[in-house]
Amino acid sequence: MSRFLIEGGNPLVGEVNIRAAKNAVLPIIAAVILTEGETLLRDVPRISDVENLLTILSGLGIKVRWQDGDLHLDTTQIRNNEINKEAAQKIRGSIFVLGSLIGRFRQARLPLPGGCSIGRRPIDLHLYGLGEMGVKFSEANGILSCNLKRGRSAEIYLDFPSVGATENFILASAIGKHTVKIVNAAKEPEVVDLVDFLNKCGACISGAGTDTIIIEGVTSLQGVSHRPIPDRIVAGSFMLAAATVGGDVLIKNVVPRHNANLIKRLRQSGVTVTATNNAVRIITDKRRRSYSAQTGPYPGFPTDIQSQYAVFSCLTTGITHIVENMFEDRFRYVDELRKLGARICLRGKTATFKPIKKFKAGTKEAPKVLRGHELRGSFSLVVASLASEGYSIIEGVEFIDRGYERLEEDFTKLGAKIIRI
Ligand code: UD1
């Protein structure tokens, strides 16, 4: 397992280019199962979540080819095999394959994420909606078997606007003779991009980006060329890195309105944010004010940049409260930040950050060792270390590699001292 060795204290100055969004690319790659012929996806990051999903697609007979950062997928020889268990259990995104296989073959066999049984693991919303469409389920030895003998029109009411469930219903119903309506659908830009991709392929889907999506089934879908939207979470991560560490960073290939919530908050905090059509520049040269936040579905404050915002909040002038409403286990970075001197009080869903002047890492001989437990939290520990005085080692880099492509190279270009060991 690789680790990062970081010497903190250098401002970040320069440019960083954002590639296609992981959370758009994953469902779109799964959607390719529905298509005939060849699809070209442009500017796809070679991150491990993508590679794992491609392993699953290869197991289904889909030809995968990378060329100059673009991804070519050919479904000419697709077949409905059982999903590769090892790859499926590595990523939660494997759940999308379920919707696509049902859409294409009317049946699917998929290892449950983490091998949990039906109902206890939160894929209950996925199963409820697919059930409304007529899918029958059974489970044995951690394998979920799904069958759609006769597809039917359905109105699916989501109790919570789950991103994955919304996308799964779209994938499962794009082909067929039915009409499916999703009420209280997720409005994330990645859902809109999935629908844009499918409509290009010949699907008939309306309402994406609103809370009601209507899918009218079509006979077949054809492969196309598509450039998925830029990664708003990676863009937001770099905005917060620049705002926390200090400096002057131009983040290119961004859709600023996808990060409107964060940009507003950064401006209120006193960070200079200049947004153009497709770039955002962050300049920070002084101590920022604090601004409390709570996570919520889009266009609310994204849970995926909660931990990065927490690191930023540690170094602001007042007390910040951050409420995590989406996932229970998203404060695991707190103990690691405390090792750098952060003053954080954690109660249930709320973390309170008291201001400190600086993070303090270790010496060259005895660096502080910080352990990341998940993708975004691990990225945040990198940022805290870059903002620290002294040396740190970050463990858990394999989580970072799931969603950030060669992160150390981007930070090195910005003047940071970070190496993979
Ligand atoms: C997606 C994103 C993830 C992001 C999350 C919320 C991808 C690949 N991942 O994850 O980066 O953090 O949206 O913006 O796009 N839930 C249930 N039952 C279900 C499904 C979800 O209880 O059947 C719960 C989850 O446990 C969680 C909440 O709903 O508490 C939100 O989950 P959801 O919107 O489904 O997130 P994902 O699609 O898993």
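Residues numbered from 1 in each chain as written. Predicted model: local features only at pLDDT ≥ 70, side-chain atom pairs only at ≥ 80, totals over all residues. Heavy atoms only, no water.

(A) Quick peek at the overall build of the chain. When helices and strands are counted, the chain shows 14 helices and 25 strands. Here the C-alpha atoms of the chain give a radius of gyration of 22 Å, agreeing with the 22 Å that 2.2 N^0.38 yields for 421 residues. Overall size of the chain, expressed as C-alpha extent along the three principal axes, is 65 × 45 × 40 Å. The buried share among the 421 residues of the chain stands at 56%. Pairs at least 24 apart in sequence give 72% of the contacts found in the chain among residues at least 6 apart. Put simply, the chain shows about 16900 Å² of open surface, and 48% of that area lies on carbon and sulfur atoms. Charge-centre separation for the chain: the mean point of 56 positive side chains lies 3 Å from the mean point of 43 negative side chains. (Helix = DSSP H or I, 4+ residues; strand = E, 2+ residues; numbered from the N terminus. Rg over C-alpha atoms; globule rule 2.2 N^0.38 Å. Buried < 20%, exposed > 50% of the residue type's maximum accessible area, 1.4 Å probe, protein only. Contact = heavy atoms within 4.5 Å. Areas by Shrake-Rupley, 256 points an atom, 1.4 Å probe, with all protein chains shown as cover. Lys, Arg positive; Asp, Glu negative; His and termini not counted. Charge placed at Lys NZ, Arg CZ, Asp CG, Glu CD.)

(B) Representation of the site of the ligand within the structure. Taken together, the neighbourhood of the ligand is formed by 16 residues, with Asp124, Ser162, Gly164, Asp304 and Met326 sitting nearest. With respect to the ligand, the side chain of Asn23 contributes an N or O atom lying 3.0 Å from an oxygen atom. Within the backbone of Leu125, an N or O atom sits 2.8 Å from an oxygen atom of the ligand. Taken by itself the ligand offers 740 Å² of open surface, and the protein chains cover 82% of this. When contributions to the shell around the ligand are tallied by element, the ones reaching two or more residues are helix H5 (124-132) and helix H6 (163-173). Taken together, the residues of the shell around the ligand sort by class into seven nonpolar, five polar and four charged. (Near = heavy atom within 4 Å. Polar contact = N/O pair within 3.5 Å; in protein donor to acceptor, adjacent residues only side chain to side chain. Nonpolar A, V, L, I, M, F, W, Y, C, P; charged D, E, K, R; others polar.)

(C) Region of interest: the sheet that holds strand S8 (residues 136-140). Spatial strand order, S7-S9-S8: three strands in an open sheet with antiparallel pairing. Of all the strands in the sheet, just strand S7 (107-111) and S8 have a single pairing partner and so form its edges. In this sheet, neighbouring strand axes are inclined to one another by 15° on average, regardless of whether the strands run parallel or antiparallel. (Pairing = 2+ DSSP bridges. Axes fitted to C-alpha atoms, helices over the stretch in contact; angles between N-to-C directions.)

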